[in-house]
Structure formats: C-alpha cells, structure tokens
Amino acid sequence: MSALAYKPILPRKRPLWLLVLGVMLFFGFHQERAKIQLNHYIDVMQKNPELQEMSEGSRATWWAAHPQPKRIHYYVMESTWGGFHPHSIGELIWMKWALSAVILLVFFGLDALFLRTTGHFERWPWLIVMYGLAGAIMVVFIVLVPGKSGYSVAHEFLAFLQSPLPSLLIVLVPSLLERMRPPSTPLRD
C-alpha cells in the first residue's frame, strides 16, 4: 500500500474537527476556571467557619470587605462568584463533584465528536479504555493514598481527561504507527 492510500490523519477537506478542537480548548479553559473558583470558595469557607453561619447577603458583604486573592499559575483571582454565597459547605462540595462529573461527560462527548469529525470513529473503543483506565487510577489514588498526594495524582488524571489529549492521542498514535509499518510484501508460491 502506498503512502497516498492512507486515510488522512486530520482531514483538510473537512475541517470541522478544528471547530471541535476549538470548543474543547475554550470549554477546557472555562471549566477549569469554574473549578478553581469553587475550590477557592470552599477553602476560604473551611478556613473561616463563621462564614458557614452567615446569610447570603452577609457572606457577600464579608467577601467584599475581605478579598481573598489567590495566585493561580498565570493570573490572580481577585474575588469570587456571587452564585456561591447562598450555598452551604456541604452543597458546595456536592456541587464540586457534580460539576466534575458533568464536565467529564461533556469531554467524553467532545472526544467522540472529535473522532467522528476526523474520520476515526472506529477507534471509539480506545476512548472507553482510556477513560476507564484513567478513572480506575484516579479511584485507586483517592482511596489508597489519602490526603493531598492522592488527590493531586487523581487531579492530574482528571485534567488529562478534561482536555483534547485523549482524542488527539487516539487519532495520532495509531495513524503514525500505521504509517511507520513497512509495506507488506506479497506471499510467494
């Protein structure tokens, strides 16, 4: 089989996959920002137990009077989102896990859409394997390595799944390995 007979890795004639990739990057940035805001709010509430007893209005006033800036990699978070004020610490923690699950489902759908738009949807079982393995590793670290260390490893695997990397790897690696294989030689009689 000649190199020209291979299916394109990323089709140039159907660039819809570029739109899907752009949506993944845009959504990835904003979902990470939302999780950081939520985690920061929970952290401040845990460090200031009096906040848990305050009403929504009192909490908003407290945050305005006591800004809690936090440096996050490339920017400084100056304030919080007002939508967190009405919720208890328990509700916020539940919201954090529900948000992570919803985001994971959205990324799974975007990964599948990326496979479809690149013409590699037949590789979808690898997507399930990748999500399953990463999920199992996250659970193992959260259960067997309690505390910050286990959570940090699980967070890194979750961050991997909540990015374009799974679908890019599923598209690129097999395609490149296929192209590296020497051409098959006909059998001799």
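Rules used in this analysis
- Residues numbered from 1 in each chain as written.
- Predicted model: local features only at pLDDT ≥ 70, side-chain atom pairs only at ≥ 80, totals over all residues.
- Heavy atoms only, no water.
- Helix = DSSP H or I, 4+ residues; strand = E, 2+ residues; numbered from the N terminus.
- Expected span 1.5 Å × (residues − 1).
- Buried < 20%, exposed > 50% of the residue type's maximum accessible area, 1.4 Å probe, protein only.
- Arc of directions from axis to C-beta.
- Contact = heavy atoms within 4.5 Å.
- Core = buried A, V, L, I, M, F, W, Y, C linked by side-chain atoms within 4.5 Å.
- pLDDT = per-residue confidence, 0-100.
- Axes fitted to C-alpha atoms, helices over the stretch in contact; angles between N-to-C directions.
- Parallel < 35°, antiparallel > 145°, perpendicular 65-115°, else oblique.
- Left-handed = near helix turned anticlockwise from the far one by under 90°.
- Nonpolar A, V, L, I, M, F, W, Y, C, P; charged D, E, K, R; others polar.
- Phe/Tyr/Trp six-rings, centres within 6.5 Å; stacked < 30°, edge-to-face > 60°.

Colleague: Can you help me understand helix H6 (residues 148–161) in this one?
Modeller: Note that an α-helix has 3.6 residues per turn; residues three or four places apart therefore point the same way. Between the first and last C-alpha of H6 there are 20 Å, a value that for 14 residues agrees with the 20 Å anticipated at 1.5 Å per step. Within the span of H6, buried status applies to Gly150, Ala154, Leu158 and Leu161. All buried residues of H6 project into a common sector of 70 degrees when viewed along the axis, lining one side. Across H6 from its buried face, at more than 90 degrees, point the exposed residues Lys148, Ser149 and Glu156. Packed against the buried residues of H6 are helix H1 (16–47), helix H4 (89–117), helix H5 (124–144) and helix H7 (165–180).

Colleague: What am I meant to see in the side chain of His40 here?
Modeller: With respect to the helices, strands and loops of the structure, His40 is situated in helix H1. Here His40 is in contact with Trp63, Gln68, Lys70 and Met77, once residues within four sequence places are set aside.

Colleague: Mind showing me how you'd approach the nonpolar core here?
Modeller: The tendency in soluble globular proteins is for nonpolar side chains to be buried as a group. Phe114 and Leu127 are the most contacted members of the largest nonpolar core, which has 20 residues in total. Listing elements by their share of this core, those giving two or more residues are H1, H4, H5, H6 and H7. If you tally residues by element for this core, the top one is H4, at six residues. Contact partners of Leu127, with chain neighbours within four places excluded, come to Phe108, Asp111, Ala112, Leu115, Pro166 and Ile170. One finds Tyr41, Ile42, Trp63 and Leu92 within the second-largest nonpolar core, a separate group that totals 11 residues.

Colleague: It is not clear to me how the confidence of the model for the protein chain should be interpreted in this structure. Could you clarify?
Modeller: Any segment with low pLDDT has predicted coordinates that should not be analysed in fine detail. Mean pLDDT over the protein chain works out to 89, with 94% of the residues at or above the 70 mark. Considering each helix and strand of the protein chain separately, the mean pLDDT is smallest for strand S2 (residues 75–77), with a value of 79, and largest for H4, with 95.

Colleague: What is the right way to read the packing of H5 against H6 from this model?
Modeller: Packed helices, taken two at a time, are described by their axes: the angle between them and the distance between them. One way to put it is that H5 packs onto H6 with a least axis distance of 8 Å and a crossing angle of 165 degrees. Here H6 runs roughly antiparallel to H5, going by the angle between their axes. Remark: the crossing between H5 and H6 carries left-handed chirality. Of H6, the residues touching H5 (which contributes Met130, Tyr131, Ala134, Ile137, Met138, Phe141 and Ile142) are Gly150, Val153, Ala154, Phe157, Leu158, Phe160 and Leu161. A breakdown of the residues in the contact of H5 with H6 according to their chemical character gives 13 nonpolar, one polar and no charged.

Colleague: What should I look at first to understand the packing of aromatic side chains in this one?
Modeller: Centre-to-centre distance and the angle between the planes together describe a pair of aromatic rings. Inspection of the entire model under this criterion finds seven aromatic pairs. On the numbers, 6.3 Å between centres and 85 degrees between planes, the contact of Trp17 with Phe114 is edge-to-face. Taken together, the residues span a long stretch of sequence, with Trp17 in helix H1 and Phe114 in helix H4 at a distance of 97 residues. Note on accessibility: Trp17 and Phe114 belong to one class, buried. Aromatic pair Trp62 and Trp63: ring centres 5.9 Å apart, planes at 80 degrees, arrangement edge-to-face.

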